[in-house]
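Here are the chains, one letter per residue:
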Amino acid sequence: RPFVVIDCTTLPSGLVESALFGPEAGAVTGATARKIGLLETAAGGTVLFDEIGDLPLEAQAKLLRVLQERQIHRVGGIEPIPVSFRVVAATHRDLSAEIPQGRFREDLWFRLQGCALALPPLRERKSDLLPLARHFLERAALKHRRPRLDLSAGAEEALLRHPWPGNIRELENKMEWLTLMAAGTLVQPEELGLAERPGIPG
């Protein structure tokens with residue numbers, strides 16, 4: 001089944017509706033033919049709205065209507081088009097705090113609350129850190145065709161002490177950098193470079 005990822009931070013300003021629903025021919029500048037929107041391409045599958053807290057308010061209202069009525073209208077179109085897909089939404093924002101500020105629709109927030117999962121940041125999931133680090137090392141070794149690295153006890157301790165302000169992306173990038181730059185196959189704490197970052201303890 002289709003799996004469509006919609007990054008709400010990169011939807012082009014002024015063209016959100018065209019991207020989500022697709023335009024009919026001539027409905028928007030440059031639309032010389034009917035174009036299928038992202039939501040229609042996900043029919044029967046799953047749509048992931050990544051960073052849904054950044055979706056413009058006007059688009060939030062239209063998305064709510066889609067979820068309630070299970071149909072879309074192309075930009076410039078008249079006929080409703082039935083759609084059926086599973087919706088997953090992710091955000092780093094506290095949407096309940098965004099609502100009083102007028103930055104997120106309360107009715108859409110309630111509509112998305114069917115099953116809510118709160119994933120704590122990496123610094124609060126220390127038991128996950130080392131297994132993730134080893135996973136990223138293995139994946140980076142395969143990607144770059146390099147020997148798989150192991151973490152020394154000192155390196156493991158340094159990883160656990162680090163606050164990981166960049167969350168899991170920081171960890172992934174660090175493991176890939178190590179795979180490319182480490183001198184041997186057993187990573188030592190000084191090779192991590194964590195203490196070199198200003199304002200961050202090693």
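A quick note: this is a predicted structure, and the numbers were derived from the prediction, not measured.

A. Representation of the pattern of salt bridges. A complete count under the given rule lists 12 salt bridges for this structure. Among the salt bridges present, the one from arginine 148 reaches aspartate 150, with a minimum N-O distance of 3.0 Å. Sharing partners across several salt bridges, the network here consists of Asp54, Arg93, Glu98 and Arg103.

B. Geometry of unusual backbone geometry. One non-glycine residue, glutamate 51, adopts positive backbone phi at about 55°. As for its position among the elements, glutamate 51 is in the loop between strand E2 (46–50) and helix H3 (57–69). We classify glutamate 51 as buried; its relative accessible area is 18%.

C. Focus on the packing of helix H6 (residues 126–144) against helix H8 (residues 167–181). With their axes 8 Å apart at the nearest point, H6 and H8 run at an angle of 45° to one another. As far as their axial angle goes, H8 and H6 are oblique. For the pair H6 and H8, the sense of crossing is right-handed. From H6, Leu129, Leu132, Ala133, Phe136, Leu137, Arg139, Ala140, Ala141, Lys143 and His144 reach across to H8, where they touch Ile168, Leu171, Glu172, Met175, Glu176, Thr179 and Leu180. Of the residues that constitute the contact of H6 with H8, the class distribution is 11 nonpolar, two polar and four charged.

D. Representation of H3 within the structure. Its 13 residues give H3 an end-to-end C-alpha distance of 19 Å, which sits within 8% of 18 Å, the value for a rise of 1.5 Å per residue. Of all the residues in H3, the buried ones are Ala59, Gln60, Leu63, Leu64, Val66 and Leu67. Here the buried residues of H3 occupy an arc of 160° about the axis, which is enough to place them on one side. Turned more than 90 degrees off the buried face of H3, the exposed positions are Glu58, Arg65 and Gln68. Two residues or fewer after H3 comes arginine 70, characterised by a positive phi angle close to 55°.

About the criteria used
- Residues numbered from 1 in each chain as written.
- Predicted model: local features only at pLDDT ≥ 70, side-chain atom pairs only at ≥ 80, totals over all residues.
- Heavy atoms only, no water.
- Salt bridge = Lys/Arg side-chain N within 4 Å of Asp/Glu carboxyl O.
- Helix = DSSP H or I, 4+ residues; strand = E, 2+ residues; numbered from the N terminus.
- Buried < 20%, exposed > 50% of the residue type's maximum accessible area, 1.4 Å probe, protein only.
- Axes fitted to C-alpha atoms, helices over the stretch in contact; angles between N-to-C directions.
- Parallel < 35°, antiparallel > 145°, perpendicular 65-115°, else oblique.
- Left-handed = near helix turned anticlockwise from the far one by under 90°.
- Contact = heavy atoms within 4.5 Å.
- Nonpolar A, V, L, I, M, F, W, Y, C, P; charged D, E, K, R; others polar.
- Expected span 1.5 Å × (residues − 1).
- Arc of directions from axis to C-beta.

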